[in-house]
Amino acid sequence: MDERGALALLADELEPVGDDAAVVDNLVITTDMLHERTDFPPGTTRYTAGWRAVGASLSDVAAMGADAQAAVAAYAVPEFDREELLAFVRGASDVCEAVGAEYVGGDLDGHEEFTVSTTAIGRTDNPVPRSGASAGEIVCVTGTLGRSAAGLELFERASDEADEQAAARLRERANDLFRFEPRVDAGRTLATEATAMMDSSDGLARSLHQLSEASNCGFEIDSATVPVDDALVELAADDADALERATTFGEDFELVATLPEDALEEVQAAVDVPVTPLGSVTAAESGVKMDGNALEDRGFTH
């Protein structure tokens, strides 16, 4: 079974299962594991890996509408390299600093493949689950979608590039796209109005399906409103290719939230990144449609 099948199995054993993070006495806690073969394309610097790995867990804290407090990481490699290890820790520390949290250490171990396990904690008196969406509300997303898809495209082009200087420029840009800022500030603001929220790490389409399942609702989305990142528009074969990758590739770590329509303008004014309405929550008990057609449940699968 894949990750989603495993989660479905555990839902009968553990309660609750399914939100981006667990909440215990107002403490939000989440953990993630990333591997070199599946999460860090060739050319990913250790600084970017530290930023991205810890950022993934901080994004889960953001999705609960919490203040990020601290993060740790378990770092495992076949052989330790001084510069790589220091770069990783600096990346992890810098992404924490960017959201007002602190990187407080972790664990070191040997492993056949570069692997990182991260844990982040936060606090909130008002956690936002995935299960509160209601018909008539709107669904929106922060930022833009497709940065990671564009970054992967550049990493792949760099691997095929014969000119090393040109390849280095491609890798530099790809690393920049892979370093996202977790939407902790936006999450705190959205939490004042959001009825359901999660991050888009598995892709917009899959996130909508997960919200639909958790809230027993449907969604109607307008493709023209999907905020595709300029880097992906530049690199994609055409607009249709850009839209498909923006909605299904995942790994963007933006926030997808539902909220009352009359709260949108106030939230947009208070959040320091764009908050784009995508469509509406419908009375259907399940299902996601885009431009009137069923939107397939596709996205990042571990």
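Remember, it's a predicted structure, so these values are computed and weren't measured experimentally. Starting afresh in each chain, residues are numbered from 1 along the sequence in its written order. Reporting of local features is limited, given that this is a predicted model, to residues whose pLDDT is at least 70; pairs of side-chain atoms are given and counted only at 80 or more, and all residues count toward the totals for whole chains, interfaces and linings. Based on all heavy atoms of the structure, the side-chain values leave hydrogens and waters out of the count.

### Overview of the sheet that holds strand β5 (residues 115-123)
In step 1: Only when DSSP finds a minimum of two bridges between them are two strands counted as paired. In DSSP terms, a helix is any run of H or I states spanning at least four residues, a strand is any run of E spanning at least two, and both are numbered starting from the N terminus. Taking strand neighbours across the sheet as the criterion, the five strands line up as β1-β2-β5-β3-β4 in an open arrangement whose pairing is mixed. The sheet is open, and its two borders are formed by β1 (22-24) and β4 (102-110), each paired with just one other strand. Each adjacent strand pair in this sheet contributes to an overall mean axis angle of 20 degrees, direction not counted.
In step 2: Where strand β2 (residues 27-35) and β5 come together, nine bridges link them in antiparallel fashion. For His-35, the partnering residue across the bridge sits in β5 and is Thr-115.
In step 3: Note on contacts: a residue pair is in contact if any heavy atoms of the two residues lie within 4.5 Å. Note on geometry: axes are lines fitted to C-alpha atoms, helical ones only across the stretch in contact, with angles between N-to-C directions running from 0 to 180 degrees. Along the sheet, helix α3 (residues 46-63) contacts β2, β3 (67-77), β4 and β5; its crossing angle with β5, the most-contacted strand, is approximately 40 degrees.
In step 4: Its contacts with the sheet place helix α4 (residues 82-98) against β3, β4 and β5, and it is angled at close to 150 degrees to β4.

### Regarding the UniProt feature "binding site: Mg(2+) 3" (unreviewed entry) in the chain
In step 1: In this structure's numbering, the residues bearing the UniProt feature "binding site: Mg(2+) 3" (unreviewed entry) are Asp-20, Asp-60 and Asp-199. The named residues occupy 180 residues along the chain; their greatest pairwise C-alpha distance, 7.5 Å, places them in one compact cluster.
In step 2: Positionally, Asp-20 belongs in the loop between α1 (3-10) and β1.
In step 3: If sequence neighbours within four positions are ignored, Asp-20 has contacts with Thr-30, Asp-60, Ala-63, Met-64, Arg-130, Met-197, Met-198 and Asp-199.
In step 4: Within the element layout of this structure, Asp-60 appears in helix α3.
In step 5: Categorising residues by exposure relies on relative accessible area from a 1.4 Å probe, with only protein chains included: less than 20% of the type maximum marks a residue as buried, more than 50% marks it as exposed, and the intermediate range marks it as partly exposed. For Asp-60, a relative accessible area of 8% corresponds to the buried category.
In step 6: In this structure, Asp-60 is in contact with Asp-20, Ala-21, Thr-30, Asp-32 and Asp-199, ignoring residues within four places of it in sequence. UniProt positions are given in the numbering used here, feature names are shortened, and annotations may be inferred rather than shown by experiment.

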